[in-house]
Amino acid sequence: MTGMRVLGPTVDDQTRCIHYRTELDVIAIRFACCGEYYPCHLCHAEAADHPAEQWPLDRRDEPAVLCGVCEHELTVAEYLGVDACPACGAAFNPGCKLHTELYFEV
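Analysis parameters
- Residues numbered from 1 in each chain as written.
- Predicted model: local features only at pLDDT ≥ 70, side-chain atom pairs only at ≥ 80, totals over all residues.
- Heavy atoms only, no water.
- Helix = DSSP H or I, 4+ residues; strand = E, 2+ residues; numbered from the N terminus.
- Rg over C-alpha atoms; globule rule 2.2 N^0.38 Å.
- Buried < 20%, exposed > 50% of the residue type's maximum accessible area, 1.4 Å probe, protein only.
- Contact = heavy atoms within 4.5 Å.
- Areas by Shrake-Rupley, 256 points an atom, 1.4 Å probe, with all protein chains shown as cover.
- Lys, Arg positive; Asp, Glu negative; His and termini not counted.
- Charge placed at Lys NZ, Arg CZ, Asp CG, Glu CD.
- Phe/Tyr/Trp six-rings, centres within 6.5 Å; stacked < 30°, edge-to-face > 60°.
- Core = buried A, V, L, I, M, F, W, Y, C linked by side-chain atoms within 4.5 Å.
- Pairing = 2+ DSSP bridges.

(A) Representation of the overall build of the chain. Each helix and strand counted, the chain has three helices and four strands in total. Along the chain, helices and strands appear, N-terminal first, in the series β-β-α-β-β-α-α. Taking 106 residues into account, the globule formula puts the C-alpha radius of gyration at 13 Å, and the chain, at 12 Å, falls close to it. C-alpha atoms of the chain, sized along the principal axes, occupy 30 × 25 × 25 Å. The buried share of the chain, taken over its 106 residues, is 34%. Pairs at least 24 residues apart make up 45% of the contacts formed inside the chain by residues separated by at least 6 positions. For the chain, the accessible area works out to roughly 5500 Å², and carbon and sulfur atoms hold 52% of it. Treating the 7 positive side-chain charges of the chain as one cloud and the 17 negative ones as another, the clouds have centres 1 Å apart.

Here it is as structure tokens:
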């Protein structure tokens, strides 16, 4: 990756981190509280100097998810409706849906 800054302990250039690094862990979340991309909630907790905030329901049309493969930004609504990047087809980890409430109001 070249253009987007992703904070936290990443382990490669597709946004995998020390906490989640399977072949499918290729997204980063732009946190609503600070506007910065982190690979996961644990990375934000370890690296940011403030608590995480969820994306409110009324802001689901804003870019908040980064595909680590092609750097395409997805809105919250778009991300929640797909299992792969609409731009490059990279599959996303279906297990991430288990953490939806950590990032987005539901």
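The rest of the description comes next.
(B) Representation of the packing of aromatic side chains in the model. In total, this model carries five aromatic pairs according to the counting rule given. When the ring of Phe 31 is compared with that of Tyr 38, the centres are 5.7 Å apart and the planes differ by 85°; the resulting orientation is edge-to-face. Phe 31 gets classed as buried once you look at its relative accessible area, which sits at 2%. The exposure class of Tyr 38 is buried, given its relative accessible area of 5%. Judged by centre distance (5.7 Å) and plane angle (70°), the ring pair of Phe 31 and Tyr 103 falls under edge-to-face.

(C) Inspection of the nonpolar core at higher detail. Within the largest apolar cluster, 22 residues are counted, with the highest numbers of intra-cluster contacts made by Ile 29, Val 65, Tyr 79, Phe 92 and Phe 104. Residue assignment for this core shows that the elements contributing at least two residues are strand E1 (27-30), strand E3 (63-67) and helix H2 (76-80). Sorting elements by how many residues they give to this core places E3 first, with three residues.

(D) Representation of the side chain of His 44 in the model. Residue placement: His 44 occurs in helix H1 (residues 41-47). Classification of His 44 as buried rests on a relative accessible area of 1%. With residues up to four places along the chain from it excluded, the contact list for His 44 reads Phe 31, Cys 33, Cys 34, Tyr 38, His 50, Pro 51 and Ala 52.

(E) Unusual backbone geometry, seen in detail. You will see that Thr 15, though not glycine, has its phi angle at about 75°, which is positive. As for its placement among the helices and strands, Thr 15 is situated in the segment before E1. Overall, the relative accessible area of 3% leaves Thr 15 in the buried class.

(F) Fine view of the sheet that holds strand E4 (residues 73-75). A sheet is described by the order of its strands in space; here four strands give the open sequence E2-E1-E3-E4, paired in antiparallel fashion. Taken across any chain shown, the strands that pair with only one partner, and hence form the sheet edges, are strand E2 (37-38) and E4. Pairing geometry for E3 and E4, over three bridges, is antiparallel. Across the sheet, residue Pro 63 finds its bridge partner in E4, namely Thr 75.

The analysis is restricted to geometry; functional conclusions fall outside its scope.
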